[in-house]
Structure formats: C-alpha cells, structure tokens
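# Chain and residue survey
Given next are the chains, with one letter for each unit.
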Amino acid sequence: MATETLVETFKNLIDGQWVESASGETFASTNPANAAEIVGRFQASAEEDVNRAIEAAQRAFPAWRETAPSKRADILYKAADWLEAGLERFAEELTREEGKTLAASRMEVKRSAQTLRYYASEGMNVAGETLPSDDPETFVYTRREPLGVVTVITPWNFPLSIPARKIAPALVTGNTVVFKPASDTPLIACRLVQALHGAGMPAGVINFVTGSASKTGTPLVTHPAVKAVTFTGSTGAGEKINRSVRLSTRVQLELGGKNPLIVMDDADVEQAAELAVKGGFELTGQACTGTSRVIVMDSVHDRFVEALVARTRALIIGSGLRKGVDVGPLANESQLRNVLDYVDIGKSEGAELAFGGERLTEGEHAAGYYVRPAIFTGVTPNMRIAQEEIFGPVISVIRAGTFQEAMAIANDVEYGLSAAICTADMNAARRFIAGIESGVVKVNRPTTGNAVNAPFGGVKMSSTATYRESGRGALDFYTQIKTVYHGMQG
Ligand code: NAP
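Per chain, residue numbering runs from 1 following the sequence as it is written. Residue-level local features of this predicted model are given only where pLDDT is at least 70; pairs of side-chain atoms are given and counted only at 80 or more, and the full residue set underlies all totals for whole chains, interfaces and linings. Note that the side-chain values use all heavy atoms of the structure and ignore hydrogens as well as water.

## Describing the pairing of strand β4 (residues 34–43)
Alignment of strand β3 (residues 26–31) against β4, held across six bridges, turns out to be antiparallel. Its bridge partner being in β4, T26 is matched across the sheet by Q43. The loop that links β3 with its antiparallel partner β4 comprises two residues. Think of it this way: DSSP has to see at least two bridges between two strands before they count as a pair. A run of DSSP states H or I qualifies as a helix once it reaches four residues; a run of E qualifies as a strand once it reaches two. Both are numbered from the N-terminal end.

## Remarks on the domain arrangement of the protein
How big an interface is tends to be stated in terms of the accessible area lost upon association of its parts. For the domain bounds, the source is a domain assignment made automatically or taken from a database. When cut into domains, the protein gives domain 1 (12–255 + 463–483) and domain 2 (259–443). Between the C-alpha centres of domain 1 and domain 2 there is a distance of 31 Å. Each partner contributes residues to the interface: domain 1 has 20 residues there, and domain 2 has 25 residues. When domain 1 packs against domain 2, the two sides together hide about 1,700 Å² of surface, and 62% of this comes from carbon and sulfur. The largest share of the area that domain 1 buries against domain 2 comes from P32, A33 and W156, three residues that together contribute 28% of it. Within this document, salt bridges are pairs made up of a side-chain nitrogen of Lys or Arg and a carboxyl oxygen of Asp or Glu, the two lying within 4 Å of each other. Our enumeration of links across domain 1 and domain 2 arrives at zero salt bridges. Any N or O atom pair separated by 3.5 Å or less is treated as a polar contact, with the protein-specific requirement of one donor-capable and one acceptor-capable atom, and with residues adjacent in sequence counted only for side-chain atom pairs. Across the contact surface, domain 1 and domain 2 share five residue pairs in polar contact (both at pLDDT 80 or more). Broken down by secondary-structure element, the contributors of at least two residues to the side of domain 1 that touches domain 2 are β4, α3 (87–98) and α4 (102–122). The contact definition used throughout considers only heavy atoms, calling two residues in contact when any of these lie within 4.5 Å. Two parts placed together each lose some accessible area; with a 1.4 Å probe, that loss summed over both constitutes the buried area.

## Regarding the packing of helix α2 (residues 69–85) against helix α6 (residues 186–198)
Axes here refer to lines fitted to C-alpha atoms; in helices the fit is confined to the stretch in contact. Angles between the N-to-C directions go from 0 to 180 degrees. Contact geometry of α2 with α6 gives a least axis separation of 8 Å together with a crossing angle of 130°. Here α6 runs oblique to α2, going by the angle between their axes. Between α2 and α6 lies a crossing whose hand is right-handed. Contacts between α2 and α6 involve I75, L76, A79, W82 and L83 on the former and, on the latter, R191, L192, Q194, A195 and L196. In this classification, the charged set is Asp, Glu, Lys and Arg, the nonpolar set is Ala, Val, Leu, Ile, Met, Phe, Trp, Tyr, Cys and Pro, and all remaining amino acids, among them Gly, are polar. Split by residue class, the contact of α2 with α6 holds eight nonpolar, one polar and one charged. If an angle is under 35 degrees, it is roughly parallel; if it is over 145, roughly antiparallel; if it lies from 65 to 115, roughly perpendicular; otherwise it is oblique. A clockwise turn of the near helix away from the far one marks a right-handed crossing, whereas an anticlockwise turn of less than a right angle marks a left-handed crossing.

## Description of the pairing of strand β20 (residues 418–422)
Throughout this description, buried means an accessible area under 20% of the type-specific maximum (1.4 Å probe, protein chains only), exposed means over 50%, and partly exposed covers the range between. Of all five residues that make up β20, five are buried, and the element is covered over most of its length. By the alternation rule, side chains of β20 split into S418, A420 and C422 and A419 and I421, which are all buried. As judged from the three bridges shared by strand β12 (residues 259–263) and β20, these two strands associate in the parallel manner. Opposite V263, over in β20, you have C422 as the bridge partner. Relative to strand β21 (residues 440–443), β20 runs parallel, the two being bridged by four bridges. Counted as the bridge partner of I421 is V443 from β21.

## With respect to the site of the ligand
One heavy atom within 4 Å of a molecule or strand is enough for the residue carrying it to be called near that molecule or strand. What surrounds the ligand is a group of 29 residues, the closest being T154, S183, S234, L255 and E389. For the ligand, an oxygen atom lies 2.6 Å from a polar atom in the side chain of S183. In this structure, an oxygen atom belonging to the ligand sits 3.3 Å away from a main-chain N or O atom of G233. Accessible surface is estimated by sampling points in the Shrake-Rupley manner with a 1.4 Å probe; for residues, cover comes only from the protein chains shown. In isolation the ligand has 900 Å² of accessible area, and contact with the protein removes 86% of it. Residue assignment for the shell around the ligand shows that the elements contributing at least two residues are α5 (161–172), α7 (213–222), β10 (226–232) and α8 (235–244). A breakdown of the residues in the shell around the ligand according to their chemical character gives 15 nonpolar, 10 polar and four charged. Viewed by domain, the shell around the ligand spans two of them, domain 1 (12–255 + 463–483) and domain 2 (259–443), each represented by three or more residues.

Here is the structure:
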C-alpha cells in the first residue's frame, strides 16, 4: 500500500503561473526500486491544458524573440547555477524516480547544467552570412530567426539531460517552449522548469504540462501554432508523430537503436568485455545507445564470453540509492515485462541463455522491478533478439568468421544509432568507421555516451534524416533562414 503522507503535488507551469489541470485530476510518479513509494503527484492534463500552454507560448514569442541574446543567455547561466547548487538533492530525486545509480544521476545533473551553459554561450554566435552580390547597390545577406512555439516531448531514461539539450537551444535562439515530460519521470523534469522559471524566464516562454501521451499528444503535435516538435522516444511513437504533424511544422525525432559492438581477433578481450558491460548493462540497459549485440570473431569468441559472464556475475544489483550498486531496477513494470518477454523469446528462438535473465524477487529486490542482466550466445542475425530493440539489460552474442561478415551483420538491422569496434588494427577501424550505418561511431569505447558539444543522432529508423541534436548543429533545428536583398533608393 502506497503511503500518501508528505507526498507533494506539483503543478503545470502555464503563462508564468503554477496551475492545476483543468480537470483537477492528478497521477502519481513512483519509485521503481520500491513500487509502493510515491515520489510526487502531478497534473493529469488534457487537450484544454495543452492548448492554454501553447497559446501562452504564442503570446510570449514576439517579446522573447526581441530580447537581447545576452539576456537570454544570462537566464540559462542562472538556471545552470541553481541546478548545480542542488546537485545532491536532484541526483537523489532522479534516482528515486527513474532508478539509475546515484553516480549516474549526479553525472546527469552536472551534464544538464553544462548543457545550459554551453547553449548560453553558443546562442551568442547564431549568425547569418553576407553574400557577394552581382549588383553593387544591393546588400545580400541572411538572418537566422527563431521559429516560434516549439513543443518538447521526452522519454524517462535521461529525464533531465535530454530535455536540457532540447530546451536550452530552443530558448537561447528566441523560441518559446511547451514541455511535456515522460509520465514516469515528471519530478526531475519539473526541477528543470523550476530552474528556468526561477532564473527569470518571462511568463509564457517556458511552459510545462504533465499528463499521458494519449490525452496530451495530439494537440502538442498538431496545434497550428506549433512551429516545431522535438521528440525523443520509441520509433513507434515517433512514426505516429511524423504522420500527424502539419506541413508547416518542423519535426526532429530521436528514436530507438540496436547498437552493435564488434570484437575483432586482435581485441583485448578483457577490455572488450568491459566495454560490453558498460554499454549493455550500465543504466540497466535502458540507453538508446546501449550495446545490445556483440559480434565476436570466432577466434576470440569463447574467451570473450567467459570474460563477459565473469564481469556480469560480479555486478551488484539493487537500489540506485545504495552505495556500491552497479545496476538499478528497470524503470517501470512494463519495462520489466518487456525484458522478461524478450528473454523468453530468445530461449524459444533457440539461443542459449549463458547468464542471467531472471527476475529478482528476494530481499531488497522484492519491492522493485529487478532483473539479472542477461547474456545470450548462439544468436543468429535474423532472430528477433538480434533485430528488435529490447531497451533493457540483454546482450546477444553473435559469431562472425570475417570482418566483412561482422560488418554485414552489424548493418543488417533497421536502426542506426551508435556502433563500436574493439581492435588495435587501424585499417579495420577505418573500414568500420567508413562502412558502418550509424550516426555515432566509437573505436575502443562503449556504444553509450556522447559529448555535450558534439552532434548526436542516428540514421535509418533511429532518427529523422534532417537535423542533429546536441552540439552547435542543434541550433539549426531551432532557427530558420531569411534571405535579404537590401538595395538603395534613388
Ligand atoms: P515513448 O513511449 O515513445 O515515450 C516518449 C515520450 O513521448 C513520453 O513523454 C511519452 O509520454 C510521449 N509519447 C508517446 N507517444 C506519443 C504520441 N503518440 N504523441 C506524443 N507524445 C507521445 O518512449 P519511452 O518508453 O519513454 O523511451 C524509450 C524509447 O526512447 C526507446 O525506444 C529509446 O531507444 C528511445 N530513446 C531514444 C534516444 C535518442 O536520442 N535516440 C534517447 C533516449 C531514448 P508518456 O510518458 O505520457 O507515455
């Protein structure tokens, strides 16, 4: 039974005011390490609330677009300072709500503050260009202008850093924002909004609406005032959004992955196993860039599997709040069901479950969504566990005889987000970099992890084939080019 004492109810932020949903209904966000614990109550918003938020953002846009870039940047700097000052508290809240380890949460809070500062600085450099003109009386140049109202829809797995890397470039370039976080992690999302609001964002520039996708999704995506939708989440939801947006609405979709790690004949097998564990099982396998396929050369296969199993066996599984824990719970019950289903699918397809895959229900694990990280061997490339995104701690080990065969297997999926190779062979690494169908490529590094200042995104079904997120390139999505021919009179 959930305890209701001391549970705070959080509100939507619309037009600079913290308000209840029109229906007055709320929903609970719970702790995946202890499903009975409610971490907060949030507004169960619907179309009316979303429309109010979009209209507020629309009204705030003309003044915000004219606000000095240095003033916009100052607000982001202040918000970053506030987040960092509360790092320990926010990291704990993030872990309580999402499940990842405290170390991972601390890193996420820190990184989100860095992101706000990075875009505060980059926003001062958003520039058009002057062009040589055939007519000496005409000055030809371009301006980069904001789009208007941007809706930001985000997943629960990086519930602070993904919103930060969308909202900061949107705001610094003069757009106004309506932000709907994942329903599993509204608390930490609310902290980001509190940071921006408290730092002095004018009314209506940042709006925050919580609630289920089924009740809020359609207006967020189809309202005529929405000029851009930036979404990170599953490929299925992304495809649906892509089909519903208006012609005049720009869309950026960051979606699923089925990321491979190739282990070559000359690989340091211990390092390869470490990279696989880091990429596949850290964050409980719930990273879009997580390693889910390891393609191993025959000559090192057995030694690699032995090292991988040994390292996985040593992982400590428990509440992310507990010191020393390596792997926290899955984020919610449907994630747990999904992972256990895929373990059954792998077994029924004839793969060998070399380690793990069972639900943990004893002692501290009884109250949460815990599963032991799973390693399948004997996986063939066409099995479902080798093709479909599982989004949990399940690694499929696939054998390959040659580099060409490994590359063909690596590319033979519908996704193309991140890919890695473990080798000391410069030629193999270069052929891998050139031939892999993936937006992010790593050599002797895990498939997970990306730098705040580097572009991020995938190919194939992992992203829209338009704009990159993160880094300087992200600013392109939030601005449009106006071309000016400025002549003289007389
Ligand atoms: P999800 O179910 O697609 O939900 C993502 C967000 O979209 C949530 O806020 C959700 O709201 C909302 N949503 C769902 N359907 C919608 C619709 N039709 N219209 C508008 N909004 C909608 O994904 P998830 O389970 O939270 O996240 C896991 C997925 O995200 C994985 O596939 C993972 O690979 C992907 N991901 C990709 C990246 C990347 O950068 N490529 C990064 C992280 C995660 P509710 O929470 O209310 O349902």
